[in-house]
Every structure is written in structure tokens, then in C-alpha cells.
Number of protein chains: 4
Amino acid sequence: MGLPMAANLAKSFPNLVVWNRSDKKDALEAAVQSAGCKPVYASSPAEVVANSEVTFSMLSTPEAVKSVFFEQDNAAIHGVSEGKSIVDCSTLQIEDMVQTDKAVREKNGAFLEAPVSGSKGPAEQGQLIFLCAGDENLYKSETVQTGLDLMGKRSFFLGPVGNGTKMKLVVNTLMATMLAALGEGVVLAEALDLSVPDLLEVLSLGAMNNPMYALKGPKMKYGVKGYETNFPLEHAQKDVRFAQALADDHGISMSVSGAANEWYKAAKGLGLSRKDFAAVIESIRAASGKS
Amino acid sequence: MGLPMAANLAKSFPNLVVWNRSDKKDALEAAVQSAGCKPVYASSPAEVVANSEVTFSMLSTPEAVKSVFFEQDNAAIHGVSEGKSIVDCSTLQIEDMVQTDKAVREKNGAFLEAPVSGSKGPAEQGQLIFLCAGDENLYKSETVQTGLDLMGKRSFFLGPVGNGTKMKLVVNTLMATMLAALGEGVVLAEALDLSVPDLLEVLSLGAMNNPMYALKGPKMKYGVKGYETNFPLEHAQKDVRFAQALADDHGISMSVSGAANEWYKAAKGLGLSRKDFAAVIESIRAASGKS
Amino acid sequence: MGLPMAANLAKSFPNLVVWNRSDKKDALEAAVQSAGCKPVYASSPAEVVANSEVTFSMLSTPEAVKSVFFEQDNAAIHGVSEGKSIVDCSTLQIEDMVQTDKAVREKNGAFLEAPVSGSKGPAEQGQLIFLCAGDENLYKSETVQTGLDLMGKRSFFLGPVGNGTKMKLVVNTLMATMLAALGEGVVLAEALDLSVPDLLEVLSLGAMNNPMYALKGPKMKYGVKGYETNFPLEHAQKDVRFAQALADDHGISMSVSGAANEWYKAAKGLGLSRKDFAAVIESIRAASGKS
Amino acid sequence: MGLPMAANLAKSFPNLVVWNRSDKKDALEAAVQSAGCKPVYASSPAEVVANSEVTFSMLSTPEAVKSVFFEQDNAAIHGVSEGKSIVDCSTLQIEDMVQTDKAVREKNGAFLEAPVSGSKGPAEQGQLIFLCAGDENLYKSETVQTGLDLMGKRSFFLGPVGNGTKMKLVVNTLMATMLAALGEGVVLAEALDLSVPDLLEVLSLGAMNNPMYALKGPKMKYGVKGYETNFPLEHAQKDVRFAQALADDHGISMSVSGAANEWYKAAKGLGLSRKDFAAVIESIRAASGKS
């Protein structure tokens with residue numbers, strides 16, 4: 001994700017300072033150069049932060065964030081000082097975001113949580129949605145607004161740190177539940193000898209029409225080998241689990257998404273963790289011997 | 001629903017024979033006349049059938065269908081003979097459709113089940129979707145195709161009688177489950193002090209964007225008085241119940257829509273049967289004292 | 001079931017009038033004679049009723065009841081007149097009981113619904129439980145009390161006709177839900193490499209100890225072939241379905257037994273309808289590939 | 001819990017070394033003295049361990065365990081050396097048990113996890129059930145067997161450390177699910193105008209008869225004020241949550257206990273966290289306006 005985001009940032013920030021943790025440095029440099037930018041390739045996370053007014057970070061796992069921000073040599077936190085700002089676009093747990101925010105503020109920096117809704121395609125097209133929370137002045141600053149505009153189509157400011165992640169969990173839980181519900185509908189249609197393409201077309205013509213059903217529905221009939229992964233099932237399930245934990249903290253019953261969660265758990269048991277989350281249909285089929 | 005459908009039919013059928021069971025005869029006549037048609041207002045259902053090549057019927061309840069087709073004086077069935085065809089657009093149970101089909105065929109007529117997806121607005125705009133099943137030749141006949149084109153934007157032929165109703169039940173169950181899932185998301189967002197309008201806007205920008213969420217989501221925050229009825233909750237729940245019964249017949253587990261069904265049942269217990277089905281959120285709130 | 005019940009009745013009713021619909025007349029006669037009774041073997045249901053003060057009936061299906069009471073030659077209803085009473089111990093739907101009650105009362109007879117809790121073993125030992133409803137004077141009459149005491153260990157009078165069946169549905173739903181819950185516990189224990197016999201023994205030592213877990217738990221580990229049928233899965237599921245329909249009528253959410261119902265439905269899809277209802281564990285296993 | 005357990009141990013261990021963290025030292029001394037024991041009241045956890053062959057610990061929370069074993073002055077771990085053994089009867093999370101086990105073994109001690117099934121009553125009567133796991137030789141040692149016999153009616157050895165806690169979670173999840181199922185049955189019975197005492201009596205006479213239903217069922221009709229706390233609802237729910245997390249780790253669907261969990265979560269939202277877990281019925285009632 002980080003590479004196309006950097007490429008989009010490069011369009012208006014000709015002196016972008018970049019760094020990445022993988023060995024794809026060449027790809028990163030090529031991407032930002034093609035946008036007419038002469039990037040400075042920093043030698044460490046701390047160097048990026050120390051040499052930038054605002055640092056956008058995009059890391060794939062909580063472990064990566066921990067390492068890059070706190071644990072590796074010249075971790076990002078060491079570059080933070082008064083006047084330096086961090087916008088972390090990673091998807092983490094709430095506690096992780098709260099911790100980074102605290103650490104950055106203790107060094108007099110400013111922090112904005114900004115997890116994104118959208119995957120690679122939208123990242124390339126600058127069509128991400130940013131769910132921001134934390135330092136509202138930072139959010140409103142010209143640099144951040146310019147950056148978010150380059151990378152996304154819309155951003156939200158949602159309140160104190162943690163709220164961005166919470167919003168993402170609510171949204172992703174709804175997404176996973178909608179797809180499990182579609183899975184049940186497809187399995188029922190199959191049992192009734194109704195045409196699944198007809199079902200999907202009827203859905204596409206009515207009030208329930210949505211891009212996800214149009215994209216994932218057709219995959220649900222091809223069996224396991226068809227579940228080319230856009231969003232891994234285990235990640236979708238993890239978000240449902242975290243949202244359920246939030247519901248637990250607040251004494252709320254979510255039995256519909258809870259039931260969806262059970263299908264995803266079973267799908268993991270079927271060995272589909274790394275397949276696309278559309279593979280959830282396989283546990284629905286398996287339960288009644290329809291696979 | 002029947003009135004706008006007749007008005008649309010009148011546009012290409014200048015000698016339309018009409019009848020309705022309510023006392024809104026004047027409204028019906030006015031509607032078809034404004035379409036440039038000189039309608040024949042029949043004195044009974046049997047007269048409509050006997051004087052038409054194809055009769056389209058649209059009745060609101062199974063009881064109304066029973067009465068109009070079989071039980072009242074000069075019921076529709078008495079007008080059926082060789083060469084006469086019936087297209088019933090009512091939403092009934094499968095057994096009812098099968099029974100009408102049998103009765104019509106016994107009198108050498110032809111029958112097409114054609115329940116619609118879409119409510120009053122689409123009916124007025126000729127934008128209904130027809131889920132047809134039964135006599136395929138009848139479906140393909142010029143008269144029926146012309147009629148379906150005038151009233152709708154798309155029609156499907158789905159196989160033997162019953163399949164139209166089955167498809168509608170699958171679709172409506174998905175609809176009700178999606179809305180219950182949204183209800184859980186809204187309740188969670190409220191508990192997390194997230195803005196519900198923000199949640200709905202995030203949803204509208206992503207892969208889950210659908211007209212129903214855009215329409216019903218904003219209503220979910222206004223409390224009971226806001227649930228102006230488009231589709232009564234008890235009807236939505238009934239469709240889920242029937243789909244669950246089909247799943248039962250075929251040995252299929254639908255625990256996600258099953259959980260949604262439980263919220264709708266509870267909402268009926270809260271006295272919301274006649275409110276819009278968006279009111280399902282109230283049972284989710286009530287369970288944890290959030291209403 | 002009827003045979004051991006008749007044998008127990010014979011102990012105090014030496015001139016019992018008997019009839020059965022199967023070809024096991026010899027077995028019936030042998031059973032009641034061994035109790036020291038000289039039974040009158042009637043030639044029809046009507047003859048039993050006409051020659052007895054109180055007739056106890058025990059039939060296996062609604063169809064059998066319909067035939068014996070109303071449709072066959074000399075059906076039971078034709079023997080009913082003032083002073084004649086019927087106690088139907090069959091398990092039916094509420095509507096069926098209400099219908100029989102009405103027919104009997106129209107002929108000036110008295111009717112008691114009396115479905116039993118308990119299967120063959122308790123029937124033989126005179127240890128059934130009778131869930132009675134309908135005519136309270138009939139329930140309290142000496143003949144009926146004597147009969148119920150001979151066949152059972154306890155009887156309840158529960159109010160108007162239908163209440164006996166309702167109570168049985170509530171109880172059986174709880175039974176089926178408890179067993180599905182045990183199934184989930186066993187599947188989890190297996191996944192955790194805990195010993196299932198240890199689990200069952202721990203359960204037997206604590207507040208959850210119950211005869212059903214002791215009986216069915218050990219069967220849950222033996223695979224499909226081990227599910228020797230005491231109570232067919234499809235019958236257990238049917239009772240849950242009927243109870244869910246009652247909950248639907250009264251606007252009540254039963255999401256726990258609803259989720260159990262989904263496992264039973266899936267187990268039917270796995271071809272286990274005629275196996276013991278302990279086989280519900282197989283759909284839990286199948287969903288996650290653990291079977 | 002610790003006090004009656006110590007009193008029972010004192011019956012065969014006249015020189016018992018005791019310590020407790022609360023200010024109820026006098027009560028502890030009185031209890032063990034009345035058993036004919038001259039206890040040594042140690043000044044710290046480390047002193048107990050250093051002066052005993054086997055130390056039994058019973059602490060109420062993970063925080064208490066952390067403090068007593070590792071963090072306070074003269075914590076228990078400082079008393080561990082070759083030949084010293086610890087049997088921890090607390091109920092913790094698996095990770096906590098694994099951690100203590102590791103720490104004890106690093107100091108050449110032996111460790112047994114031994115969470116109990118049973119509450120105060122059984123503790124007083126020496127009727128606890130011990131779910132042991134870890135060092136099998138320690139489990140089989142004469143001292144430990146004698147101690148377990150004094151305090152309990154049965155002990156199990158379940159394998160590697162963690163298995164005791166896992167078994168307890170499986171059992172408690174089943175317990176909580178059974179009680180939620182009863183709650184649904186009671187709410188349905190109430191809606192059907194069936195007598196709840198009759199329902200409970202029918203249950204008590206059949207295959208589902210269990211001490212928990214007999215104890216908790218009658219409380220379910222008295223409303224919130226009747227939920228005198230034996231086992232707090234939030235603790236019951238926590239065990240279900242942990243068991244669900246184990247099911248998640250192993251890719252298992254537990255939709256029945258998952259649905260039960262949702263009722264408990266809602267009951268927390270109703271403010272019933274500290275009431276007895278029988279109060280789960282209140283969220284079932286509230287969902288449909290029956291409270």
C-alpha cells in the first residue's frame with residue numbers, strides 16, 4: 001500500500017523524504033521519481049521524521065509498527081521533537097494507536113491516527129478514505145490536508161485517538177457480516193436450484209446493490225481455488241473479533257455479526273485463513289455437506 | 001401497487017380491460033385514461049379474464065388472491081379457458097402459486113408467477129423487476145414481454161412455478177439481514193461515541209455502498225416515531241421466516257439471517273410490527289438498555 | 001409406546017377394551033393378559049370409545065390421529081357421546097389438539113390433551129410424565145387419575161387445550177439446545193486435546209449434571225455409526241421449529257435455541273435426520289472440517 | 001475460598017504454614033486451629049514456600065496472583081528452590097498459568113495448575129473438583145494427593161499446564177449456555193401463559209434434570225432484585241469470552257454459546273454485571289419489551 005501512496009504524495013511534494021523497511025527501495029524510488037519528484041531516500045525512520053514537517057507512515061502489521069516506531073536502530077520516535085508530526089495510516093489495535101500517540105506527544109510532537117478504508121486499487125488511484133482521529137489542528141493543517149487530498153477522495157476527523165480505528169472496525173464488521181449473509185443466500189439459492197448469477201443480477205438491480213456483492217458474489221460459486229485473495233479471510237475475521245470485543249466492553253449484543261463471526265472461525269478451521277474472505281461461504285456449505 | 005402498473009400497461013394497450021376489488025374504481029379509471037386508453041371496466045374478475053388474452057393480477061394478500069381467483073362470485077378462474085393466460089404479480093407463498101397454476105392449467109389456460117421486486121416508486125416509474133416462473137412460452141409471448149417492459153426495467157424467467165417466489169424470499173431475507181447488520185453497527189457506533197452520519201458516509205464511499213443503507217440508515221437514529229413505513233417490519237420478518245423454512249426443508253444452516261430473524265421477532269414484541277423494518281434496530285438497543 | 005402403556009393400565013382395569021392400528025394385535029393382547037386382565041379386543045376405534053368411560057389414545061403421527069379419530073371406518077369420533085371421554089397422549093401440533101377437542105365437545109364428550117415426556121423405557125416402568133390440558137374435571141376424575149398413576153410418575157394440569165403441547169415444545173427445545181451446546185463443548189474439547197470422557201466426568205460431578213449428558217455425551221465421540229436412535233434428530237428439530245414459531249407469534253427472540261436449530265438443520269443436510277439427535281455434533285464438526 | 005480450603009487441609013497437616021493477603025488473618029488462624037492444627041502463620045508468601053514441601057495457593061484475581069507470586073516484597077517465587085512445589089488453585093488465563101509454571105521451573109521447583117470447579121459450599125464440605133495440569137509426578141505425590149482428597153471429592157490430571165484452565169473454560173461456557181437456554185425457555189413459557197414453576201418441575205422430572213436449573217430457575221421469575229449473586233454475571237461472561245477465543249484460535253464455530261454470549265453482553269449493558277449470572281434472562285426479556 002505504501003508505494004502508491006508515496007507516489008501520489010510525490011505529485012505535490014517534490015522533495016519528499018522516503019524510507020521503507022522492505023528491500024523494495026528501488027521500486028519506491030522509481031515510483032516517486034515518475035511523479036516528477038527527486039526524493040531523498042532516508043537512512044532510517046528517525047531521519048525521515050527529523051527532516052520532515054509531517055511524516056505519513058503505512059505499515060502492514062502491529063509488529064512492523066512497533067519495530068519502525070520504537071525498537072529498531074534509529075526508530076521513528078527518536079526523530080520526533082517540537083514541530084514534528086506523525087500521521088499513521090496503518091490499521092492497528094486501539095491500544096497501539098493510543099501508545100504511539102502518547103509517545104509522540106511526550107516528545108512534543110503531534111499525532112494523527114488515520115487508518116484507511118480501501119485497498120490497493122483505490123491507493124493507486126488516490127481514492128482512499130482516511131478515518132482520522134487525534135490532533136485536530138494537525139488534521140486541519142495545510143500539509144496534512146494536501147497529503148490526504150493527494151492520496152484519497154475523502155477524509156474524516158472523528159475525535160480522540162482510537163476513534164479512527166473504532167470506525168474502521170465497525171465498517172469492516174458490517175462488511176464481513178454482509179458477505180456472510182450473501183454466502184447464506186447463495187447456499188440457499190443453490191439448494192433451491194435457483195441460478196446464482198440470476199440472484200446476483202436481481203440484487204444488482206435493487207436497493208441492496210453494492211460493489212462488494214458485484215465483485216465477490218461471482219467468486220462464491222467457483223470453489224476454494226477461486227478465492228483469489230484481495231482481503232484475507234483471517235484479517236476480516238480479526239476485525240470482527242475486535243469489534244465484538246468493543247461491543248463486549250460496552251455491553252452490547254451483536255448476535256448477527258456474532259453469527260457471521262462463527263462462520264469465519266469455521267472457515268479458518270477449513271484452512272481458508274489466507275484465502276479471500278469470500279471463502280466464508282465454504283463453512284456454510286460444509287456445515288450441511290453441500291461443499 | 002396495481003394502479004400505477006395498470007397506468008403503465010395502458011400506454012400500449014388502448015383497450016385494456018380493468019377491474020379492482022377496492023372502491024378506488026374512479027382512481028383506476030382516471031389513471032388508465034390519462035395514459036390515452038379507453039378502458040373497459042369489467043364487472044368481475046371472470047369478465048376480465050374472459051375478455052383478455054393475458055390478465056395481469058396484483059393483489060395484496062393471499063386472502064385477496066383466494067377470494068378474487070376462486071371464491072367470490074364470478075371469480076377469475078371461471079373466466080379461464082383455452083387461450084387465456086394469467087400472470088400473477090402478487091407475492092404469495094409457494095403453495096398458493098402452485099395451486100393457482102394447477103387450477104389454471106386444469107382449465108387449459110396458461111399461468112406465469114411473476115412476483116415483483118420494488119415498491120410504489122418503481123411501480124410508478126415502470127422500474128419494477130419481475131421474478132417470473134411457470135409457463136415459459138407465455139413468458140416469451142409478445143403480449144407478456146410488452147407488458148413486462150411497460151411496467152418494469154427487467155424480468156427474469158426462473159424455471160418452474162414457485163421459483164419466482166423462492167427468489168424473492170432469498171432476496172428479501174438478504175435485505176432484512178443486511179439491515180439488521182446495519183442496526184448492530186449503528187448501535188455499536190453510538191456506544192463508541194462515533195457519529196452515525198459519519199458512519200453512514202464512510203459506508204457510502206466504499207464497497208458496501210447501497211441504496212438501502214443510504215435510505216434507511218439516517219432513519220435509525222430518530223427513534224420509533226421516525227420509522228415511517230415503506231416496508232412493514234412484520235412483512236420483512238415473514239419473508240425471512242419463509243426463507244428459513246425453505247432452508248429447513250433443504251437441511252441448510254442460515255445462522256446469520258437466523259440471528260437477524262430473532263431481532264425482528266423481538267421488534268414485533270416491542271410493538272413495531274407495522275413500522276418500517278428499519279425499526280429492527282430498536283430491539284438491538286432494547287436488549288442492552290440503550291433505547 | 002402404546003403397548004407398555006396398555007399393559008400398565010391393565011393392572012387395575014381388568015376389563016380393558018383395546019384396539020391398535022398396526023398388525024401387532026397379538027403382542028397387545030399378550031401384554032395386557034400378562035397383567036391379569038381379560039381384555040376386550042374391539043373391532044374399531046369407535047367401538048373402544050362407545051364401550052369405555054374413558055379412552056386413552058397414543059398414536060405416533062398427526063396422520064395416524066387424523067385417520068383413527070376422523071377418517072377411517074368407524075373412527076373414534078363416531079363412538080363419542082354424552083359421558084364418553086378421550087385422553088389423547090399423542091404428541092401433535094396445537095391446532096390438531098384444538099380440533100380434536102372441538103369435535104369431541106360437539107358430540108358432548110370430554111377431552112383431555114395429555115402428551116407425555118419420556119420414551120419407551122419410562123413407558124414400560126410406568127414412569128411417564130403427563131402434560132395435561134383441557135377439561136379439568138376429566139383430569140381430576142378418579143378413572144383418569146388412576147390411569148395416569150398406573151402409566152406415569154407425575155401428571156400436570158396446565159390449563160386450556162394446547163397448553164400441554166406448548167409445555168412439551170418448550171421442554172424439548174431446551175433439551176435440543178442443551179445437547180447442541182454439549183456438542184459445541186465436545187468439539188472444542190477435542191480441538192484443545194482435552195479428553196472428552198474427562199469433560200463428561202467433570203460435568204457429571206457439578207451443577208450441570210443431568211441424565212441426558214450422561215447418556216448422550218459418550219455417543220458423541222463415536223462418529224455417525226454410533227448414533228443409535230432413541231429420539232430421531234428430525235423429530236427433535238421439528239419441536240424446536242414449532243417452539244420457534246410460537247416465539248415468533250409472541251414476538252420473542254430466542255437466539256440461543258435459534259442457533260441450535262441451525263445446527264440441527266445442517267445435520268439434516270448431512271443426512272442424519274433419522275439418527276439420534278446427538279448426531280447434531282456432526283454439523284458442528286463439519287462446519288470447520290473436523291469430521 | 002481459601003479459608004475453608006485451609007481448614008480442610010489442617011485436618012491432616014497439623015503443622016500447616018499459612019499466609020493470607022487480606023486482613024482476615026484471625027479468621028484464617030481460627031479456622032485451621034479448630035481443625036486441631038497449630039498453624040505457623042508466615043510473614044510472607046516466600047516464607048510459606050520456603051518452609052513447605054508443597055504450597056497450595058488460592059487467589060481471587062490475576063492481579064492478586066501477580067502480586068503474591070512475583071511483585072510484592074518476599075513474593076512466593078523467592079521461596080522456590082529445588083524440592084519446593086506450588087499447586088495454584090486460582091482461576092486465571094492460560095498465559096498466566098504458563099508464566100507461573102515457567103518461573104517456578106526456572107528455579108528448579110515443580111508446578112501444578114489446579115483450578116477448581118465448585119464454589120464456597122463445596123469448598124467448606126471438601127467437595128471441590130480439581131482440574132490439574134502440569135507436573136504429573138507432583139500430581140501423583142502423596143502430599144498433593146492427600147491435600148486434594150482433603151479439599152475435594154475428585155481430581156483430574158489433564159496434561160500440560162494450561163489444560164486445567166481450558167477444561168474449566170469449556171465447562172463454564174457450557175454452564176452459561178445452559179442457563180441462557182433456560183432463560184429463553186422461561187421467557188417463552190411466560191409469553192405462553194404457562195406456569196414457570198410447572199416448567200421447572202417438568203424439567204426436574206426428566207432427562208434434563210440438573211442441580212443448576214433447580215437452583216437458578218426459581219430465581220428467574222423474581223426480577224432484578226432477586227438475583228442474589230452466587231457467580232457474578234460478568235465472571236460467567238468472561239469465561240465464555242475466553243472459551244470463544246480458544247475456539248477462534250482453533251477455527252471452530254460455536255454459534256450456540258456465541259448467541260448465549262450476546263445475551264450476557266447485553267445483560268452487562270443493562271447494568272447486571274455484578275448480579276448472579278441467572279440475570280441473563282433480563283436481556284432476553286428486554287429485547288422484546290417483556291421486562
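Rules behind the numbers
Residues numbered from 1 in each chain as written. Chains lettered and ligands numbered in written order. Predicted model: local features only at pLDDT ≥ 70, side-chain atom pairs only at ≥ 80, totals over all residues. Heavy atoms only, no water. Helix = DSSP H or I, 4+ residues; strand = E, 2+ residues; numbered from the N terminus. Expected span 1.5 Å × (residues − 1). Buried < 20%, exposed > 50% of the residue type's maximum accessible area, 1.4 Å probe, protein only. Contact = heavy atoms within 4.5 Å. Salt bridge = Lys/Arg side-chain N within 4 Å of Asp/Glu carboxyl O. Lys, Arg positive; Asp, Glu negative; His and termini not counted. Buried area = accessible area lost by both parts, 1.4 Å probe. Polar contact = N/O pair within 3.5 Å; in protein donor to acceptor, adjacent residues only side chain to side chain. Nonpolar A, V, L, I, M, F, W, Y, C, P; charged D, E, K, R; others polar. Domains from an automatic or database assignment. Least-squares fit on C-alpha atoms with pLDDT ≥ 70 in both. Phe/Tyr/Trp six-rings, centres within 6.5 Å; stacked < 30°, edge-to-face > 60°. Lys NZ or Arg CZ within 6 Å of the ring centre and 35° of its normal. Pairing = 2+ DSSP bridges. Right-handed = clockwise from strand over helix to strand, strands pointing away.

1. Some remarks on helix α12 (residues 233–249) of chain D
With 17 residues, α12 of chain D should cover 24 Å at 1.5 Å per step; its first-to-last C-alpha distance of 24 Å lies within 8% of that length. All of the buried residues along α12 of chain D are Leu233, Ala236, Gln237, Asp239, Val240, Phe242, Ala243, Gln244, Leu246, Ala247 and Asp248 of chain D. Packed against the buried residues of α12 of chain D are α12 (233–249) and α13 (255–269) of chain A, α9 (163–191) of chain C together with α5 (94–106), α9 (163–191) and α13 (255–269) of chain D. In the stretch just after α12 of chain D, Gly251 of chain D is the one whose phi turns positive, near 65°.

2. A look at the pattern of salt bridges
The final tally for this structure, using the stated rule, is 44 salt bridges over all chains. Here Arg154 of chain B ties to Glu201 of chain A by a salt bridge, and the two come within 2.7 Å at their closest N and O atoms. One end of the pair, Arg154 of chain B, is in strand β8 (residues 152–157); the other, Glu201 of chain A, is in helix α10 (residues 196–204), on a second chain. Residue Arg154 of chain B is classed as partly exposed on the basis of its relative accessible area of 29%. Here Glu201 of chain A falls in the partly exposed class, since its relative accessible area comes to 28%. A salt bridge links Arg105 of chain D to Asp101 of chain D, with the nearest nitrogen and oxygen atoms 3.0 Å apart. Within this pair, Arg105 of chain D and its partner Asp101 of chain D are both found in helix α5, separated by 4 residues, close to a single helical turn. Since its relative accessible area comes to 47%, Arg105 of chain D is described here as partly exposed. What you see here is one network of salt bridges that share partners, running through Glu190, Glu282 and Arg285 of chain A.

3. Observations regarding the environment of Asn230 of chain C
Residues and elements named next belong to chain C. Within the secondary structure, Asn230 sits in the loop between α11 (211–216) and α12 (233–249). On the basis of relative accessibility, which here comes to 48%, the residue Asn230 falls in the partly exposed class. Spatially, the C-alpha atom of Asn230 lies 24 Å from that of Leu148, the residues being 82 residues apart in sequence. Dropping the residues within four chain positions of it, Asn230 is found in contact with Lys216, Lys219 and Asp276.

4. What to know about the side chain of Asp198 of chain D
Inspection of the secondary structure assignment puts Asp198 of chain D in helix α10 (residues 196–205). It turns out Asp198 of chain D is buried and unbridged, and the closest side chain with the opposite charge, Arg154 of chain C, is 5.5 Å from it. Filtering out sequence-adjacent residues up to four positions away, Asp198 of chain D remains in contact with Phe156, Phe157, Leu158 and Met167 of chain C.

5. Quick notes on the interface of chain D and chain C
Contact with chain D, which involves 59 residues of that partner, is made by 59 residues of chain C. Of the roughly 5,200 Å² buried between chain D and chain C on both sides combined, carbon and sulfur atoms contribute 77%. Ranking the residues of chain D by area buried against chain C places Leu174, Met208 and Val256 of chain D at the top, with a combined share of 12%. Linking chain D with chain C are 14 residue pairs in polar contact (both at pLDDT 80 or more). At the level of elements, β7 (128–134), β8 (152–157), α9, α10, α11 (211–216), α12 and α13 of chain D are the ones that each hand at least two residues to the side of chain D that touches chain C. For the side of chain D that touches chain C, the element with the most residues is α9 of chain D, which contributes 17 residues. By residue class, the composition of the side of chain D that touches chain C is 38 nonpolar, 13 polar and 8 charged.

6. Regarding the domain arrangement of chain A
Residue and element names in this part refer to chain A. Domain boundaries in chain A define domain 1 (2–160) and domain 2 (166–287). Between domain 1 and domain 2, the C-alpha centre-to-centre distance is 31 Å. Counting residues at the interface gives 7 residues for domain 1 and 5 residues for domain 2. For the pairing of domain 1 and domain 2, the buried interface totals around 650 Å² over both sides, and the portion due to carbon and sulfur atoms is 73%. Seen at the junction of domain 1 and domain 2, the total is 0 salt bridges. Our enumeration of links across domain 1 and domain 2 arrives at 2 residue pairs in polar contact (both at pLDDT 80 or more). Taken together, the residues that form the side of domain 1 that touches domain 2 break down as 5 nonpolar, 2 polar and no charged.

7. Brief notes about the relation of the copies chain D and chain C
By a simple turn and slide, chain D fits onto chain C: the slide is 0.0 Å along the axis, the RMSD is 0.0 Å, and the turn is 180°. Each copy turns onto its partner about a two-fold axis. Most of the interface of chain D is mirrored in chain C: 100% of its interface residues are interface residues there too.

8. Thoughts on the packing of aromatic side chains
The final tally for this structure, using the stated rule, is 14 aromatic pairs over all chains. Each ring, one from Phe69 of chain D and one from Phe70 of chain D, has its centre 6.2 Å from the other, and the planes form 45°; the classification is tilted. For Phe70 of chain D, a relative accessible area of 30% gives the class partly exposed. Arranged with centres 5.3 Å apart and planes meeting at 35°, the rings of Tyr139 of chain D and Phe157 of chain D form a pair that is tilted. Here Tyr139 of chain D, found in helix α7 (residues 136–140), pairs with Phe157 of chain D, found in strand β8; they are 18 residues apart in sequence, far enough to count as distant. Looking at Tyr139 of chain D, the relative accessible area reads 10%, which means it is buried. It is Arg241 of chain C that lies over the ring of Phe242 of chain C; its NZ or CZ is 5.9 Å from the centre. In this arrangement the basic side chain of Arg154 of chain D is found over the ring face of Phe156 of chain D, its NZ or CZ atom lying 4.2 Å from the centre.

9. A few points about the pairing of strand β5 (residues 110–113) of chain A
All names here are of chain A. Neither face of β5 is open: one carries Ala110 and Leu112, the other Phe111 and Glu113, and all of them are buried. Pairing of strand β4 (residues 85–88) with β5, which is carried by 4 bridges, proceeds in the parallel orientation. Looking at the pairing, Val87 lines up with Leu112 of β5. Taken together, β4, helix α5 (residues 94–106) and β5 form a β-α-β motif whose crossover is right-handed. Where β5 meets strand β7 (residues 128–134), 2 bridges bridge the pair, whose relative direction is antiparallel. Counterpart to Leu112 in the pairing with β7 is Gly134.

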